[in-house]
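Structure at a glance
One letter stands for each residue in the lines below.
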Amino acid sequence: MEERAFVALLVISSLIVLAENTDHKNAIEIYSLHVESTVTSRFAHTVITSRLVNKVNESQEAVFEVELPKTAFITNFSMSIDGETYPGTIKEKASAQEQYDIAVSHGQSAGLVKTTGRKLEQFHVSVNVASDSKVTFELIYEELLKRQLGRYELLFKVRPKQLVKHFQIDVHIFEPQGINFLETDSTFMTNELTEALTKVQNETKAHILFKPTIVQQKKSPELEETLLDGDFIIRYDVKRSVSAGDIQIVNGYFVHYFAPNEMPTFPKNVIFVVDQSGSMSGRKIEQTRDALLKILEDLRPEDHFSLITFNSLVTEWKNTLLQATGQNVESAKRYVKTVMARGGTDINNALLTAANTLDKANYAEILQAHSISMIILLTDGQPTVGVQDVEIIQQNIQKAIKGKYVLYCLGFGFDVSYKFLEKMALDNGGIARRIYEDSDSDLQLQSFYQEVATPILKDIEIQYPENSILELTQNSFKLFFDGSEIVVAGRIDNELDVLPVEIQAQSHTSNLIFKEEANVREKEKVFQHQKYIFGNFIERLWAYLTIQQLLEKSISAQEEQQKNMQVARALELSMKYSFVTPLTSMVVTKPDDQQKLQLANKPAESDNEKSRFTGFSGNKLSKSHITKALSFRRPHDEIRSDRYFLVSQARDYIQRVPKTVFRTVQTTPQLLTNEYPHFLFQLPRQNDVICLNIDGQPQAYINLISDRAKGISVTGKLGRNRNHFVLFEITNLDPHVQLHVSKEGTVLSYGGHTTKLPWKKSASSTIQGLKIAVEKERSLTMSASDNITIKIAFVKSPNRFLGLYFMDTDHFSDKASGLLGQFYFDTHLESNPGASQGEDERVLSVHGQKHRVTRKYKKDYRLESATGTISCWSLYITP
């Protein structure tokens, strides 16, 4: 009999150990858990060793899970059972995946191992343990600690859930520059546990040991429950001065750390571009407002700033940048408090507006000559309005920014495409960061801003002897922020006795040159006879840094050949130094079955994003993908005809089929897409989109919406074949304006006069604050402040027709009526308990009346592209 009796979860820089069992109390006992972390010159080498014993008279499954920092690379893993050791093997990812796929097809796998948390990645392996047998797990990983806000940090999440006889966290730190400060903190520490903590420190070394006895671990003498449940944190920084930094050398490889301090801060010109689309509604927009209010308070008086919010439309707080005076900051805060979430997502236009605003400010000489300009984008979704092809957006933004400004992209939650944001940020000298939906999302936003709030150097060039340094990592940097650190590594020619370095950079007040010379032999002596050293650690640090930078460069590479070369080199180094990177995997063979495999992959940040009808590796499922998948369906499987379920079921079949099948499939961009609906609208203050089709009579006028409180009414007429609307009549009472919109154009009536606005050219007119605008062969818009915006799309393919939709729909009053008006208040979606298994159905409640709606995939007439699609709740009604 087998049963899952134990889960061990360790987290480093965070450590968690969990012990659970179903029928036996501590059936598998953790009798020893050691975490040994050696940090030498910022490079951390961590060994996690867990020893367990099965104390019952039946076999148990032990599951070993280790969460490690996203920036770390696993280098080794092994498990030993009764003296027999089973090591993990690092292979090229494609080769490992093929081996794993073959095992999957024969039913001989234990499941793919990869998952991502906020800061951590999870390593997972399981093994069957016989009665009275012992098992030892050992995992090793390495990482370069990153300095943020003036410190390095090791976080240990301690949660064993049982008393452990031999428990210890043992950390050794050696920093040749000298340790400036070191502190420990904990959320679970008691007076008894404090006695188990020792900290010894001198000029360059520190030793932190946390080794509680079982008595010290107990909540009380009577209870067999542990106190170890929370965070144990080590923070430190090193000594540094305004110089060319510190160079360290071991066995022909060097690492150079540069982090000057006590320098004046550049004035910033920052534009915050904030998504206020409907998907940001609720907690996200509230946290965004809270974060912006705090960030605005942190602006320096010499900074200039502006705010741009966007949904289907782009709104500028001001049409230029203003100095961060107290009065201007308060004005911006008042604006932030009014930001509400509604509408679509026009990322392209929003970023182009930001770049243009900076261009105008530079041209008008509003900004200081020696200042840093940056754009900070926050969005939670995909582009749904305007340009939606992400590659075109990336090209447009890069062309607009032209290297003059830095772009930072923050993705809120998992509906956003992180790959899209990451490439766009890297193309424009910035970085991307995911903001996790949590209680502290506002603090995450503030923390990111603090990292980029104090630029103290720009245009940093670090030069070494050209013919004596080989395989140099990145040595040119656009910006340096106070509290961070620049790291450069390389290989030294054997004949070099002295390593000179020259750093050129620009500060706010002057051009700077730093010079330094490092005696190679004297520097190498520093690391001789040190027990803290683990092998050729600087060489491994160099390889680690090189792999990370090659992978980052491959994201923004413009040419396929260049990208392939970067990836090939990164793979070569990953294999040589046994790193589990995005290009390699660790294959673990289970000792209870030599054919059963487990596979440890390096997850990408985008792996946890919510699927938007995508296949593996984030690629869209083509029709041939789906057809191929369905050919493997089981005889009793039922296939539905609509696209949503077809794709869903296809994905289910894909999971049963070796992925190698799909490597040979010829893909096509054509998707299974249904027709245009009559109407598309988003429920007020909700994210859900309704696709409405009506069974009406051709050539008959239908009252679509009437809201006397807002002075607006709209009627429409179906075409002869009833497929689409061909005419709309819009009446606005104040001012009294009528619009007759047909496939030929628009006739505007006001004050007894009529004006023709054909689709063939763009035109606009403003009447007492009411704006009517025609965009050539695309759309008509009627808008006024504090009122509903009405848009009519002119769709030319396949047959010409008109598509009506509304924006700012929360402005509708509760008196709105008509076919569409009824949906704009007292309307919500409910679950459908009577839905068939596997079907995606809901109940739409409209003023208490219930309508069954089904998830469909429709063409979106609001989009520029004729192939644009949207997932929506489909409803058919009769007027």
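Keep in mind it's a predicted model, so treat the numbers as computed, not measured. (Residues numbered from 1 in each chain as written. Predicted model: local features only at pLDDT ≥ 70, side-chain atom pairs only at ≥ 80, totals over all residues. Heavy atoms only, no water.)

Some remarks on the overall build of the protein
Regarding its fold elements, the protein presents 15 helices and 50 strands. Out of the 879 residues belonging to the protein, those deemed buried represent 55%. Residue pairs in contact within the protein that sit at least 24 positions apart in sequence constitute 66% of those at least 6 positions apart. (Helix = DSSP H or I, 4+ residues; strand = E, 2+ residues; numbered from the N terminus. Buried < 20%, exposed > 50% of the residue type's maximum accessible area, 1.4 Å probe, protein only. Contact = heavy atoms within 4.5 Å.)

With respect to the pattern of salt bridges
Applying the stated criterion across every chain yields a total of 30 salt bridges. In this structure, Arg 42 and Glu 175 form a salt bridge, with 2.8 Å as the shortest nitrogen-oxygen distance. Of the two residues, Arg 42 is situated in the loop between β2 (28-40) and β3 (43-54) and Glu 175 in the loop between β12 (166-174) and β13 (179-186); the sequence distance between them amounts to 133 residues. For the salt bridge of Glu 142 with Arg 540, the shortest nitrogen-to-oxygen distance reads 2.7 Å. Taken together, the residues span a long stretch of sequence, with Glu 142 in strand β10 (residues 134-144) and Arg 540 in helix α11 (residues 537-556) at a distance of 398 residues. (Salt bridge = Lys/Arg side-chain N within 4 Å of Asp/Glu carboxyl O.)

Comments concerning the sheet that holds strand β29 (residues 486-492)
Where strands meet in a sheet, backbone hydrogen bonds hold them as pairs that are either parallel or antiparallel. Spatially, the four strands line up as an open sheet ordered β17-β18-β29-β27, and their pairing is antiparallel. Edge strands, defined here as strands with exactly one partner in the open sheet, are β17 (246-250) and β27 (469-470). Where β27 meets β29, two bridges bridge the pair, whose relative direction is antiparallel. Within the sheet, the bridge partner assigned to Ile 469 lies in β29 and is Ile 492. Lying over the sheet, α11 contacts β17, β18 (253-258) and β29, oriented at roughly 65° with respect to β18. (Pairing = 2+ DSSP bridges. Axes fitted to C-alpha atoms, helices over the stretch in contact; angles between N-to-C directions.)

Thoughts on the confidence of the model for the protein
Put simply, the protein has an average pLDDT of 80, and 81% of its residues get 70 or more. In this model, residues 1-23 is a region of pLDDT below 50 whose contacts with residues beyond four sequence positions or in other chains number 103 contacts. Counting contacts from residues 611-674, a segment whose pLDDT is below 50, to residues more than four positions away or on other chains yields 103 contacts. (pLDDT = per-residue confidence, 0-100.)

Digging into the packing of aromatic side chains
Applying the stated criterion across every chain, the model contains 29 aromatic pairs. Seen from their ring centres, Phe 258 and Phe 480 are 6.4 Å apart, and the 40° between their planes marks the pair as tilted. Placement of the pair is Phe 258 in strand β18 and Phe 480 in strand β28 (residues 476-481), with a sequence separation of 222 residues. A residue is classified by how much of its surface remains accessible, and Phe 258, at 1% relative accessible area, is buried. (Phe/Tyr/Trp six-rings, centres within 6.5 Å; stacked < 30°, edge-to-face > 60°.)

As for the nonpolar core
Of all hydrophobic cores here, the largest spans 59 residues; its most connected members are Phe 679, Leu 704, Val 714, Leu 804 and Phe 806. Of the residues forming this core, the biggest block, six residues, is contributed by strand β46 (residues 801-807). Phe 679 has contacts with Ile 690, Cys 691, Leu 692, Leu 704, Phe 725, Phe 728, Leu 804, Leu 819, Leu 820 and Tyr 861, leaving out every residue within four places of it along the chain. Ile 28, Ile 74, Phe 137 and Ile 179 belong to the second-largest nonpolar core, a separate cluster that totals 53 residues. (Core = buried A, V, L, I, M, F, W, Y, C linked by side-chain atoms within 4.5 Å.)

Let's talk about the state of the cysteines
According to the stated counting rule, one finds one disulfide in the structure shown. For Cys 691, the disulfide goes to Cys 872, at an S-S distance of 1.7 Å. Measuring handedness by torsion sign, the sulfur bridge of Cys 691 and Cys 872 sits at about -110° and is left-handed. On the criterion of sequence distance, the pair formed by Cys 691 in strand β35 (residues 689-694) and Cys 872 in strand β50 (residues 869-877) is long-range, its members being 181 residues apart. Residue Cys 691 is classed as buried on the basis of its relative accessible area, which comes to 0%. (Disulfide = S-S within 2.5 Å.)

Concerning the pairing of strand β14 (residues 197-201)
Here five bridges tie β14 to strand β15 (residues 205-210), and the two strands are oriented antiparallel to one another. Within the sheet, the bridge partner assigned to Lys 199 lies in β15 and is Ile 208. In sequence, β14 turns back onto β15 through a hairpin of three residues.

Looking at helix α6 (residues 347-363)
Between its terminal C-alpha atoms α6 stretches 24 Å, which fits the 24 Å expected from 17 residues at 1.5 Å a residue. Every buried residue of α6 is listed here: Ile 347, Asn 348, Ala 350, Leu 351, Thr 353, Ala 354, Ala 355, Thr 357, Leu 358 and Ala 361. Between a side-chain oxygen at the N-terminus of α6 and the backbone nitrogen of Asn 349 the separation is 3.2 Å; the capping residue is Asp 346. Following α6 by one or two positions, Glu 365 has its phi on the positive side, about 55°. (Expected span 1.5 Å × (residues − 1). Polar contact = N/O pair within 3.5 Å; in protein donor to acceptor, adjacent residues only side chain to side chain.)

A word on the side chain of Arg 147
Among the secondary structure elements, Arg 147 is positioned in the loop between β10 and β11 (152-158). There is a polar contact of 2.8 Å between the side chain of Arg 147 and the backbone oxygen of Ser 484. Non-local contacts of Arg 147, meaning those with residues more than four positions away in its chain, are made with Tyr 152, Asp 237, Arg 240, Ala 259, Gly 483, Ser 484 and Glu 485.

A word on the environment of Glu 192
Along the polypeptide, Glu 192 turns up in helix α2 (residues 191-194). Owing to a relative accessible area of 45%, Glu 192 belongs among the partly exposed residues under this scheme. In sequence terms Glu 192 and Val 215 are 23 residues apart; their C-alpha atoms lie 8.9 Å from each other.

Digging into the sheet that holds strand β16 (residues 230-238)
Read from one edge to the other, the open sheet built from three strands follows the order β11-β16-β13, with strand pairing classed as antiparallel. Both outer strands of the open sheet, β11 and β13, are each paired with one neighbouring strand and no more. Neighbour-to-neighbour, the strand axes of the sheet open up by a mean angle of 10°, direction not taken into account. In this structure, β13 lies alongside β16, joined through seven bridges in antiparallel fashion. Across the sheet, residue Glu 183 finds its bridge partner in β16, namely Arg 235.

What about unusual backbone geometry?
In terms of backbone geometry, most residues other than glycine have negative phi values and most peptide bonds are trans. Following Asp 734, the chain continues to Pro 735 via a peptide bond in cis, the omega torsion being 0°. In the Ramachandran plot, Lys 402 falls in the positive-phi region, its phi being about 55° despite a non-glycine side chain. As for its placement among the helices and strands, Lys 402 is situated in the loop between α7 (390-401) and β24 (406-412).

Re the packing of α11 against helix α12 (residues 560-576)
Orientation of α11 relative to α12, taken along the N-to-C sense of each, is 155°, at an axis distance of 9 Å. It follows that α11 is roughly antiparallel to α12 by the angle criterion. As for how α11 packs across α12, the hand of that crossing is left-handed. Contacts between α11 and α12 involve Trp 542, Thr 546, Ile 547, Leu 550, Leu 551, Lys 553 and Ser 554 from the first element and Lys 563, Gln 566, Val 567, Arg 569, Ala 570, Leu 573 and Ser 574 from the second. Per-class residue counts for the contact of α11 with α12 are seven nonpolar, four polar and three charged. (Parallel < 35°, antiparallel > 145°, perpendicular 65-115°, else oblique. Left-handed = near helix turned anticlockwise from the far one by under 90°. Nonpolar A, V, L, I, M, F, W, Y, C, P; charged D, E, K, R; others polar.)

Let's talk about empty space enclosed by the protein
Within this structure, the stated rule accounts for three cavities of 30 Å³ or more. Considering only enclosed or pocket space, the largest cavity measures out at about 120 Å³ in volume. Together, 13 residues line the largest cavity, and Leu 292, Ile 295, Ile 376, Leu 410 and Leu 445 are the ones closest to its centre. Across the lining of the largest cavity, the residue classes tally to 12 nonpolar, one polar and no charged. (1 Å grid on protein atoms, 1.4 Å probe; cavity = no way out; pocket = protein on both sides within 12 Å on 5 of 7 lines; lining within 4 Å. Points joined across faces, edges and corners; volume = space filled by probe spheres on them.)

Considerations on helix α8 (residues 418-427)
Burial within α8 is extensive, with eight of its 10 residues counted as buried. Those residues of α8 that fall on the buried side of the exposure criterion are Tyr 418, Phe 420, Leu 421, Lys 423, Met 424, Ala 425, Leu 426 and Asp 427. Of the surrounding elements, those touching the buried residues of α8 are α6, β23 (372-379), α7, β24, β25 (432-435) and α11. Following α8 by one or two positions, Gly 429 adopts a phi angle in the positive range, close to 75°.

As for the environment of Ser 507
Structurally, the position occupied by Ser 507 is in the loop between β30 (498-506) and β31 (511-519). Those residues in contact with Ser 507, other than ones at most four positions away along the chain, are Phe 266, Ile 456, Leu 457 and Leu 512.

What about the packing of α7 against α8?
Across the interface, α7 lies against α8 with an axial gap of 10 Å and an inter-helix angle of 20°. Taken together, α7 and α8 sit at an angle that is classed as roughly parallel. Of the two possible hands of crossing, α7 and α8 adopt the one that is right-handed. Of the residues in α8, those touching α7 at Val 390, Ile 393, Gln 394, Ile 397 and Gln 398 are Lys 419, Phe 420, Lys 423, Met 424 and Asp 427. Grouping the constituent residues of the contact of α7 with α8 by class yields five nonpolar, two polar and three charged.

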